[in-house]
Amino acid sequence: MFSNLPIPFLVLSFITILGALYVVTSKNPIYSVLALILTFFSISAHYVLLNAQFLAIVNLIVYAGAIMVLFLFVLMLLNLNKEAEPIKSNLWGIAAAVSAGLLLLVLTASFQIAGENVAKNPVEGLGLVKSLGQVLFTRFLVPFELSGILFLAAMVGAVLLGKRDHSSSKNEIIS
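In this report, we go over the structure that sits alongside the text. Quantities reported herein were computed from a predicted structural model and do not represent experimental measurements.

## Some words on the packing of helix 2 (residues 29–49) against helix 3 (residues 53–78)
Here is step 1 of the chain: Viewed as axis vectors pointing N to C, helix 2 and helix 3 meet at an angle of 175 degrees, and their least axial separation amounts to 8 Å. Comparing the axis directions of helix 2 and helix 3 gives the class roughly antiparallel. The residues of helix 3 that touch helix 2, namely those facing P29, I30, V33, L34, L36, I37, F40, F41, I43, S44, Y47 and V48, are Q53, L55, A56, N59, L60, Y63, A64, M68, F71, L72, L75 and M76.
Here is step 2 of the chain: Classifying every residue of the contact of helix 2 with helix 3 by side-chain character gives 21 nonpolar, three polar and no charged.

## Some thoughts on the packing of aromatic side chains
Here is step 1 of the chain: With the rule as written, the count across this model stands at two aromatic pairs.
Here is step 2 of the chain: Judged by centre distance (5.4 Å) and plane angle (35 degrees), the ring pair of F40 and Y63 falls under tilted. Taken together, the residues span a long stretch of sequence, with F40 in helix 2 and Y63 in helix 3 at a distance of 23 residues.
Here is step 3 of the chain: Their ring planes at 80 degrees and their centres at 5.0 Å tell us that F137 and F144 sit as a pair that is edge-to-face.
Here is step 4 of the chain: Judged by its relative accessible area of 31%, F144 falls in the partly exposed class.

## Brief notes about a nonpolar patch on the surface
Here is step 1 of the chain: A cluster of nonpolar residues, F54, L55, I57, V58, I61, V62, Y63, V129 and L132, forms a patch on the protein surface that exposes about 760 Å² of accessible area.
Here is step 2 of the chain: Counting residues per element, the ones that place at least two in the nonpolar patch are helix 3 and helix 5 (129–136).
Here is step 3 of the chain: Ranked by the residues each element gives to the nonpolar patch, the list is headed by helix 3, at seven residues.
Here is step 4 of the chain: Residue Y63 is classed as partly exposed on the basis of its relative accessible area, which comes to 40%.

## Here we look at the nonpolar core
Here is step 1 of the chain: Of all hydrophobic cores here, the largest spans seven residues; its members are V33, I37, F40, A64, M68, L72 and L75.
Here is step 2 of the chain: Taken together, the elements giving at least two residues each to this core come down to helix 2 and helix 3.
Here is step 3 of the chain: A total of four residues in this core trace back to one element, the largest contributor, which is helix 3.
Here is step 4 of the chain: Every residue in contact with V33, bar those within four places of it in the chain, is listed here: M68, F71, L72 and L75.

About the cut-offs
- Just so you know, the residues in each chain are numbered from 1, in the order the chain's sequence is written.
- Totals for whole chains, interfaces and linings use every residue, but because this is a predicted model, local features are given only for residues with pLDDT of at least 70 and side-chain atom pairs only at 80 or more, for both listing and counting.
- Note that water and hydrogens are dropped before the side-chain values are worked out from all heavy atoms of the structure.
- For helices, the fitted line uses only the C-alpha atoms of the stretch in contact; every axis is such a line through C-alpha atoms, and the angle between N-to-C directions lies from 0 to 180 degrees.
- Put simply, DSSP marks the helices as runs of H or I at least four residues long and the strands as runs of E at least two long, and each gets a number from the N terminus on.
- Each angle is binned into one of four classes, with values under 35 degrees roughly parallel, values over 145 roughly antiparallel, values of 65 to 115 roughly perpendicular, and all other values oblique.
- Contact definition: two residues touch when any of their heavy atoms are within 4.5 Å.
- The residue classification treats Ala, Val, Leu, Ile, Met, Phe, Trp, Tyr, Cys and Pro as nonpolar and Asp, Glu, Lys and Arg as charged. All others, Gly included, are polar.
- Centre distance within 6.5 Å is the pairing criterion for rings of Phe, Tyr and Trp, where only the six-membered ring of Trp is used; planes under 30 degrees apart are then read as stacked, over 60 as edge-to-face, and the remainder as tilted.
- Here the term buried applies to any residue with accessible area under 20% of the maximum for its type, exposed to any over 50%, and partly exposed to those in between, with areas from a 1.4 Å probe on protein chains only.
- Distance thresholds for patches are 9 Å for like charges and 5 Å for nonpolar side chains (Val, Leu, Ile, Met, Phe, Trp, Tyr), applied to residues having over 30% relative accessible area and no salt bridge.
- Only the protein chains shown count as covering a residue, and every accessible area follows the Shrake-Rupley method with a 1.4 Å probe.
- Salt bridge criterion: a side-chain nitrogen from Lys or Arg within 4 Å of a carboxyl oxygen from Asp or Glu.
- Buried Ala, Val, Leu, Ile, Met, Phe, Trp, Tyr and Cys residues that are joined via side-chain atoms within 4.5 Å together make up what is termed a nonpolar core.

Now the structure itself:
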């Protein structure tokens, strides 16, 4: 079954599954977030194996970088303790087991339907930044430029909304 899979893929898959299991089973939320960072790193390595370097870098920057740092700050600011935890019920465990079983059933069925056709004919250069840039600046040039203008307008609007007029607020306090 696993004889035709490359060794790096199997090792990364093992690390990803172990990290994801530790995220779910860890009692300490800080360790859980750190295990989630490890899981994101191993998923990025999977993207590199699939020749999708752009997705790997975006996954590292956005998820392992920004979002996980935000999770760590929120967890550290919450000051979680045993008294603040809700009472656990067996109903949640049963619902989680049923959901996991259904997910396993759907994944197994989809892998059986896909069969061996998943990686037979990879497109040359798919997932590379060069091919993504080629498509963005030829076929999708107008939507790409319009989204850039929209993002610029959103940034200017956020700066203007965030900037306070200090002179009018001082006059309101005095009077």
